[in-house]
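Here are the chains, one letter per residue:
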Amino acid sequence: MSNSILVDNQKTQLEIHLRRIQRPRDYQQICIYKDVNPLEWDDWHWQLQHRIHTREELSKIIKLTPEEEKGIEKAKGRLFMAITPYWATLIDPEDANCPIRRQAVPVSAEFVASAHEMIDPLAEDRDSPVPHLVHRYPDRVLLLVTDHCGMYCRHCTRRRLVGEGEQDNNFVSRFEPAIEYIKSNRKIRDVLISGGDPFTLEDEIIENLLQGIRSISHVEFLRIGTRVPVTLPQRITEKLVNMLKKYSPIWLSIHFNHSKEISKRCKIACDMLSEAGLPLGSQTVLLKGINDRPYLMKRLVHELLQIRVRPYYIYQCDPVKGTQHFRTPVSAGINIIEKLRGHTSGYAVPTYVIDGPGGGGKIPVGPNYVLSQAKGKYVLRNYKGKIYTYLE
Ligand SMILES: *Cc1c(COP(=O)(O)O)cnc(C)c1O
Ligand code: SF4
């Protein structure tokens, strides 16, 4: 390889790198939004009502590839395309591999089923004793309260459930069996409210649910899984955080995949949640070509700490039907942890887990630091590969 090619390659790499960390456009720079009133723009209902669903709308913002055009046509029904105008402003119109774009725009590869892929790889439906509840670990349950989300992620593990099917609007009767189940099972001390995205529900409905769960005396720990601070940060309103405060302590797990998602607007939403006393953690899905390089993950976890979000989990992308193009080898995840642990603040290092297919729960996977173990003696290596012996 001649020197000039090498230099060109490095230049392209640098350009790609700079693009991937670029900050969003102002919405008024996008022709179809240039006349939108700022108050409307910041109204979460407006954002939801104006989500992009069609090829025609999206092609006014970015030039679609043939794979995307096919993907959008096929993605009807469950997990259809729904992109909030806010999320559209984060897309780099020049880069077909933009991480923001790939998470939101369907491609034809999504409709190819590959070996080992399943509809419900975590067997959540099997571990569901009553509707909307998954009970896998003895002391904690997962409550799926809605199938709606701010935006539909193309890599979604719950694509079998998510995407605005018909909902029974009688909220009380819908969750009565789940609440009764938690009430009658005194071992349950931790309730994780997820979906879909619980924050797509109206404040009153969320409050109703929190009241119901908080009235159960053996439930100590309450958490909500959401992606709304990332895909629809306008949803985090004063009214919502003041309501959540009343049911404190509530912990939040927020789905973040890339540093480009951390816009000024997203930071405002996270600040409001932190200031209302909700501890924030992140959950990240390892995605090929999006965040599978150690430097990208490092940037993400560092930026998360700056907005007071503690990196909690990195998930291996579950073997859900139609997600093969997103899946990395397990070694990519182990390599990321190897490059984080010891090399940066411990608070910045999440746990990399594989959710055991068939319902095994989250299994931590990481570099091996114990080289050998004999009676009273551990041989260990540190993050630099130096060897140490610990005697018991
Ligand atoms: C992830 C998950 C939980 C919570 O697990 P933690 O490791 O405590 O965060 C609980 N139930 C189910 C079914 C889950 O998938
Ligand atoms: S926000 Fe979560 S539940 Fe909704 S589509 Fe994305 S990954 Fe799936």
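Up top you'll find the structure we're talking about.
Not measured: the values here are computed from a predicted model.

Draft legend 1. Focus on the site of ligand 1. The environment of ligand 1 is formed by Val134, Arg136, Tyr137, Arg140, Leu142, Leu192, Arg223, Tyr312, Tyr313 and Lys362. In this structure, Tyr312 approaches ligand 1 through a side-chain N or O atom, which is 2.6 Å from an oxygen atom. Protein contacts shield 91% of the accessible area of ligand 1, which totals 390 Å² for the unbound molecule. Where the shell around ligand 1 is concerned, the elements lending two or more residues are strand 1 (133-137), strand 2 (140-144) and strand 7 (309-315).

Draft legend 2. Region of interest: the packing of aromatic side chains. Using the criterion set out here, one finds 7 aromatic pairs in the structure. Where Trp41 meets Trp46, the ring centres are 5.7 Å apart and the plane angle is 45°; that geometry is what we call tilted. Ring geometry for Phe80 and Tyr152: centres 5.2 Å apart, planes at 55°, overall tilted. Highlighted residues: Phe80 in the loop between helix 5 (66-74) and helix 6 (85-90) and Tyr152 in the loop between strand 2 and helix 8 (171-184), separated in sequence by 72 residues. Judged by its relative accessible area of 0%, Tyr152 falls in the buried class. Site record: aromatic cluster; members linked through ring pairs are Tyr27, Tyr33, Trp41 and Trp46.

Draft legend 3. Broad picture of the sheet that holds strand 8 (residues 351-356). The strand order across the open sheet formed by 9 strands is 1-2-3-4-5-6-7-8-9, and the pairing between neighbours is mixed. One side of each edge strand has no neighbouring strand; the edge strands of this open sheet are strand 1 and strand 9 (361-364). Neighbour to neighbour, the strand axes of the sheet diverge by 30° on average, direction disregarded. In this structure, strand 3 (residues 190-194) lies alongside strand 4 (residues 221-226), joined through 4 bridges in parallel fashion. Residue pairing across strands places Val191 opposite Leu222, the latter belonging to strand 4. Running at roughly 165° to strand 3, helix 9 (residues 203-214) makes contact with strand 2, strand 3, strand 4 and strand 5 (250-255) of the sheet. Of the strands in this sheet, strand 7 and strand 8 touch helix 14 (residues 330-340), which is tilted by about 155° from strand 8.

Draft legend 4. Up close: helix 14. Considered for burial, the residues of helix 14 that qualify are Ala332, Gly333, Ile336, Ile337 and Leu340. Each buried residue of helix 14 lies within a common arc of 135° when the element is viewed along its axis, so the set occupies one face. Looking at the packing, one finds that the buried side of helix 14 touches helix 13 (294-306), strand 7 and strand 8. Phi for Gly342, located one or two positions after helix 14, is positive at around 85°.

Draft legend 5. Broad picture of the sheet that holds strand 10 (residues 370-374). Here we have 3 strands laid out as an open sheet, ordered 10-11-12, and antiparallel in their pairing. Where the open sheet ends on each side, the last strands, each with one partner, are strand 10 and strand 12 (387-391). Adjacent strand axes in the sheet meet at a mean angle of 15° when their direction is disregarded. Bridge count between strand 11 (residues 377-381) and strand 12: 5 bridges; the pairing is antiparallel. Looking at strand 12, one finds that Arg381 is bridged to Ile387.

The rules behind each value
- Residues numbered from 1 in each chain as written.
- Chains lettered and ligands numbered in written order.
- Predicted model: local features only at pLDDT ≥ 70, side-chain atom pairs only at ≥ 80, totals over all residues.
- Heavy atoms only, no water.
- Near = heavy atom within 4 Å.
- Polar contact = N/O pair within 3.5 Å; in protein donor to acceptor, adjacent residues only side chain to side chain.
- Areas by Shrake-Rupley, 256 points an atom, 1.4 Å probe, with all protein chains shown as cover.
- Helix = DSSP H or I, 4+ residues; strand = E, 2+ residues; numbered from the N terminus.
- Phe/Tyr/Trp six-rings, centres within 6.5 Å; stacked < 30°, edge-to-face > 60°.
- Buried < 20%, exposed > 50% of the residue type's maximum accessible area, 1.4 Å probe, protein only.
- Pairing = 2+ DSSP bridges.
- Axes fitted to C-alpha atoms, helices over the stretch in contact; angles between N-to-C directions.
- Contact = heavy atoms within 4.5 Å.
- Arc of directions from axis to C-beta.

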